[in-house]
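# Coordinates in review
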Amino acid sequence: FCIMSHGSGGNLVDIQGGEMDVEEEIVKKFYGTQCPALQGKPKLFLLQYCRGDEHDLGVLRGTQVGSFKLPEVTDILIANSTVPGFVSNRNTKHGTWFFQCLVEVFKENAKHMDIRDMFDQVSRVLNEKESNDNNRRKQTFEVTSRGFYKKLYFNPYEVVDEQYENDDEEYKNDDDTVSDKQQKNKKGFRKRVMEAWKALVN
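The sections below set out a description of the structure shown in this document.

Conventions and cut-offs
Residues numbered from 1 in each chain as written. Predicted model: local features only at pLDDT ≥ 70, side-chain atom pairs only at ≥ 80, totals over all residues. Heavy atoms only, no water. Phe/Tyr/Trp six-rings, centres within 6.5 Å; stacked < 30°, edge-to-face > 60°. Helix = DSSP H or I, 4+ residues; strand = E, 2+ residues; numbered from the N terminus. Lys NZ or Arg CZ within 6 Å of the ring centre and 35° of its normal. Core = buried A, V, L, I, M, F, W, Y, C linked by side-chain atoms within 4.5 Å. Buried < 20%, exposed > 50% of the residue type's maximum accessible area, 1.4 Å probe, protein only. Contact = heavy atoms within 4.5 Å.

### Quick look at the packing of aromatic side chains
Scanning all chains against the criterion turns up 7 aromatic pairs. Judged by centre distance (5.6 Å) and plane angle (70°), the rings of F30 and F45 are edge-to-face. Of this pair, F30 sits in the loop between helix 1 (22–25) and strand 5 (46–48) while F45 sits in the loop between helix 1 and strand 5, placing them 15 residues apart in sequence. Aromatic pair F98 and F99: ring centres 5.3 Å apart, planes at 75°, arrangement edge-to-face. Within the aromatic cluster, the residues linked to one another by ring pairs are F98, F99, F106, F119, F141 and F154. The ring of W97 has K129 lying over it, and the distance from NZ or CZ to the ring centre is 5.8 Å.

### Structural notes on the nonpolar core
F106, M118 and V122 are the most contacted members of the largest nonpolar core, which totals 16 residues. Of all the secondary-structure elements, those providing two or more residues to this core are helix 2 (97–109) and helix 3 (115–128). Setting aside its immediate chain neighbours within four residues, V122 contacts F98, C101, L102, V105, F106 and F141. Counting 6 residues, the second largest nonpolar core, distinct from the first, contains L12, M20, V27 and Y49.

### Quick notes on the environment of R136
By the element assignment, R136 lies in the loop between helix 3 and strand 11 (142–146). In this structure R136 comes out as exposed when scored by relative accessible area, which is 51%. For R136, the residues in contact, after removing those within four places along its chain, are E130 and S131.

Shown next, in the form of structure tokens:
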């Protein structure tokens, strides 16, 4: 769904000049209880409207000679345990549903999966949870990206180690002692880690 309009006070302005609460009057209309025909189907909202009066003038980065501007709001990824208007469920023994799923997914996948892919997996696991009471409660969590496009790994050493695990053949047939080989491999590995890490953050 693509909507292009003006904005006022953080709300969208309709064709008659009135304000519309995007969350209440648009997004919620497609929730499962109000729009059962679209249950289980992806719903993408492309919304073009001003959400305030501030202008992003950017932030200078680098020296005067090679400086360039970045947006003021960038590289921000926000994960909310639930969506606006809903409670965040908690098990009295095991803790909140969101962090149960988060820990489970991160422990299993942090060594090879970036943060956004892991959030997708957290969403799948959380969607399967259901309370044991008569209401059989469910929960959805929300991720908001603000200029966040980089691959973020919580365990880059593992990623680089797997990537270069067969890359030490140069030391295979030399006459160094075992400790010398280990030291060389260690230094080479550190260099590759730093190169890979710089590529991720730049």
